[in-house]
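Examination of the molecular architecture
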Amino acid sequence: MYLPPHDPHVDDPMRFKPLFRIHLMERKCATVECMYGHKGPHNGHIQIVKKDEFSTKCNQTDHHRMSGGRQEEFRTWLREEWGRTLEDIFHEHMQELILMKFIYTSQYDNCLTYRRIYLPPSSPDDLIQPGLFKGTYGSHGLEIVMLSFHGKKAKGTKITGDPNIPAGQQTVEIDLAHPLQLPDIENLGDFSELSRIVLEVQEQVRREEQEREQRQEEEEHSQQAASQPASPLGGEGAEGEETAAGAEGTAQDKAPASQPFVLPMGVISRNEDYPRTCRICFYGTGLIAGHGFTSPERTPGVFVLFDDDRFGFIWLELKSFSLYSRIKVSFQNAQAPSREAFDEMLKNIQSLAT
């Protein structure tokens, strides 16, 4: 199992923890050992469920338990997973979230199911190389997000989740057709000024979507009413508008000059060691929800590209900032055989989460 570094150090390397091992014996026999817990390897079982999926089961779960009971297990888990003690965490809400995460993860230590994940395919037009990133999520700690590009959109999909947003959900979506111009240096720290800019773009995006839907309805009606094929003028107009928006984004993407960046006053960040210059910003939306993924909604925000390996997202409604840093582990045989196979995988992990 690859674990993120201790919160909030997103630039630190991933940590490695063995979960099981297989001894291949003579005559095609094998023994499976569970590595979970602190009492050494013990008897386990592996079952191939179907293509690209298998399950492991521990047959001696008493090896996972500690003499001090759940309290000792929680304190040990907190020290290993978070690099801190319970006394270090003063915020009551953060204590509650961490305890929820411990309860959620520890109840599955007996039986786990594994499904293959493909790394996102890349193209020369991508803003940066797609891949896996470590990101700060406030009191939830560090989580793993997969950044992938889909035409004029970029998506950040959670590979690890939390009690609010489970793994498989699309945590952020970036609209590459709508770059944002940050306030000038004098107003960079003014949250109300940044909020005004973002909400203006949100309204523009909403109008464009309405116009696009209206054009589609008109084209459908004209095709049904006319005996001859409908004139393609409407379609060409729509394509021209989208191309212009895309061209604007492309021109912005290639701008080499960096610009100053500082978080507006009142925006909370787990990591204050973020870059003070950025390449470009885009309008985006972030997914928020209550505990148990209740009342999910997409809210406006700002995607901030710092360099080839780091980006950020300002959650406007939460007044919170997430910093993401690339995972530089080499995973063998992880490339998707095709774009279609990757898109299908994204749909599957999202359907599992819901």
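Where an unreviewed UniProt entry is consulted, the protein chain appears under the name FBX31 protein, with the organism given as Machaerirhynchus nigripectus.

Across all of its chains, the model carries 0 disulfides by this definition. With no disulfide of its own, Cys-278 has Cys-281 as its nearest cysteine by sulfur position, at a separation of 4.0 Å.

Right, let's talk about the environment of Val-49 for a bit. Within the secondary structure layout, Val-49 lies in strand S5 (residues 42-50). Val-49 sits in the partly exposed class, given a relative accessible area of 42%. For the pair Val-49 and Tyr-283, spaced 234 residues apart in sequence, the C-alpha separation works out to 41 Å.

Let us look at the pattern of salt bridges. As enumerated under the stated definition, the model contains 21 salt bridges in all. The residue Lys-51 makes a salt bridge to Asp-52 at a minimum N-O spacing of 3.2 Å. Judged by relative accessible area, Lys-51 falls into the exposed class, the value being 69%. Assessed through its relative accessible area of 29%, Asp-52 is described here as partly exposed.

Now for the confidence of the model for the protein chain. With 90% of its residues at a pLDDT of 70 or more, the protein chain has an overall mean of 86. The model gives residues 230-256 a pLDDT under 50, and that stretch makes 20 contacts with residues more than four places away or in other chains.

Sheets are built from strands paired through backbone hydrogen bonds, the pairs being either parallel or antiparallel. If you walk across this open sheet you meet the 5 strands as S3-S4-S5-S6-S7, and the pairing is antiparallel. With one partner strand each, in any of the chains shown, strand S3 (20-24) and strand S7 (111-115) form the two edges of the open sheet. On average, each strand axis in the sheet is tilted by 30 degrees relative to the strand beside it, whichever way the strands run. Relative to strand S6 (residues 53-58), S5 runs antiparallel, the two being bridged by 6 bridges. Paired with Ile-46 across the strands is Thr-56, a residue of S6.

Another aspect to go through is the side chain of Ser-325. Tracing the sequence through the fold places Ser-325 in strand S18 (residues 320-326). The exposure class assigned to Ser-325 is buried, which follows from its relative accessible area of 6%. A distance of 2.8 Å separates a polar atom in the side chain of Ser-325 from a polar atom in the side chain of Asp-11. In this structure, Ser-325 is in contact with Val-10, Asp-11, Phe-133, Lys-134, Asp-309 and Arg-310, ignoring residues within four places of it in sequence.

Before going further, it helps to examine the pairing of S3. Pairing of S3 with strand S4 (residues 30-34), which is carried by 5 bridges, proceeds in the antiparallel orientation. When the sheet's bridge partners are listed, Arg-21 is paired in S4 with Glu-33. Following S3, the chain reverses through 5 residues before pairing antiparallel with S4; Arg-27 in that reversal takes a positive phi of roughly 55 degrees.

Attention now moves to helix H3 (residues 191-225). Since one α-helical turn is 3.6 residues long, residues separated by three or four positions face the same way. Compared with the 51 Å implied by 1.5 Å per residue over 35 residues, the 51 Å span of H3 between its first and last C-alpha is a close match. Listed as buried for H3 are Phe-191, Leu-194, Ser-195, Ile-197, Val-198, Val-201, Val-205 and Arg-215.

Attention now moves to the packing of aromatic side chains. Evaluation of the coordinates by the stated rule reveals 20 aromatic pairs. On the numbers, 5.0 Å between centres and 75 degrees between planes, the contact of Phe-313 with Trp-315 is edge-to-face. Of the residues examined, Phe-313 reaches a relative accessible area of 1% and is grouped as buried. What makes Trp-315 buried here is its relative accessible area of 5%. Each member of the aromatic cluster is reached from another via a ring pair, and the members are Phe-133, Tyr-137, Phe-282, Phe-303, Phe-311, Phe-313, Trp-315 and Tyr-324. Lying over the aromatic face of Phe-191, Lys-319 brings its terminal NZ or CZ to 4.6 Å of the ring centre.

The assigned domain composition of the protein chain is domain 1 (2-115) and domain 2 (131-195 + 256-352). Taking only C-alpha atoms, the centre of domain 1 and the centre of domain 2 are 27 Å apart. With both chains or domains summed, domain 1 and domain 2 bury close to 1800 Å², and 65% of this area falls on carbon and sulfur atoms. Summed over the shared surface of domain 1 and domain 2, the result is 1 salt bridge. One salt bridge in this structure joins Arg-270 and Asp-7, with 2.3 Å as the shortest N-O distance. The interface formed by domain 1 and domain 2 contains 6 residue pairs in polar contact (both at pLDDT 80 or more). It is helix H2 (residues 92-106) that provides the largest number of residues to the side of domain 1 that touches domain 2, a total of 6 residues. Taken together, the residues of the side of domain 1 that touches domain 2 sort by class into 11 nonpolar, 2 polar and 7 charged.

Parameters and conventions
Residues numbered from 1 in each chain as written. Predicted model: local features only at pLDDT ≥ 70, side-chain atom pairs only at ≥ 80, totals over all residues. Heavy atoms only, no water. Disulfide = S-S within 2.5 Å. Helix = DSSP H or I, 4+ residues; strand = E, 2+ residues; numbered from the N terminus. Buried < 20%, exposed > 50% of the residue type's maximum accessible area, 1.4 Å probe, protein only. Salt bridge = Lys/Arg side-chain N within 4 Å of Asp/Glu carboxyl O. pLDDT = per-residue confidence, 0-100. Contact = heavy atoms within 4.5 Å. Pairing = 2+ DSSP bridges. Axes fitted to C-alpha atoms, helices over the stretch in contact; angles between N-to-C directions. Polar contact = N/O pair within 3.5 Å; in protein donor to acceptor, adjacent residues only side chain to side chain. Expected span 1.5 Å × (residues − 1). Phe/Tyr/Trp six-rings, centres within 6.5 Å; stacked < 30°, edge-to-face > 60°. Lys NZ or Arg CZ within 6 Å of the ring centre and 35° of its normal. Domains from an automatic or database assignment. Buried area = accessible area lost by both parts, 1.4 Å probe. Nonpolar A, V, L, I, M, F, W, Y, C, P; charged D, E, K, R; others polar.

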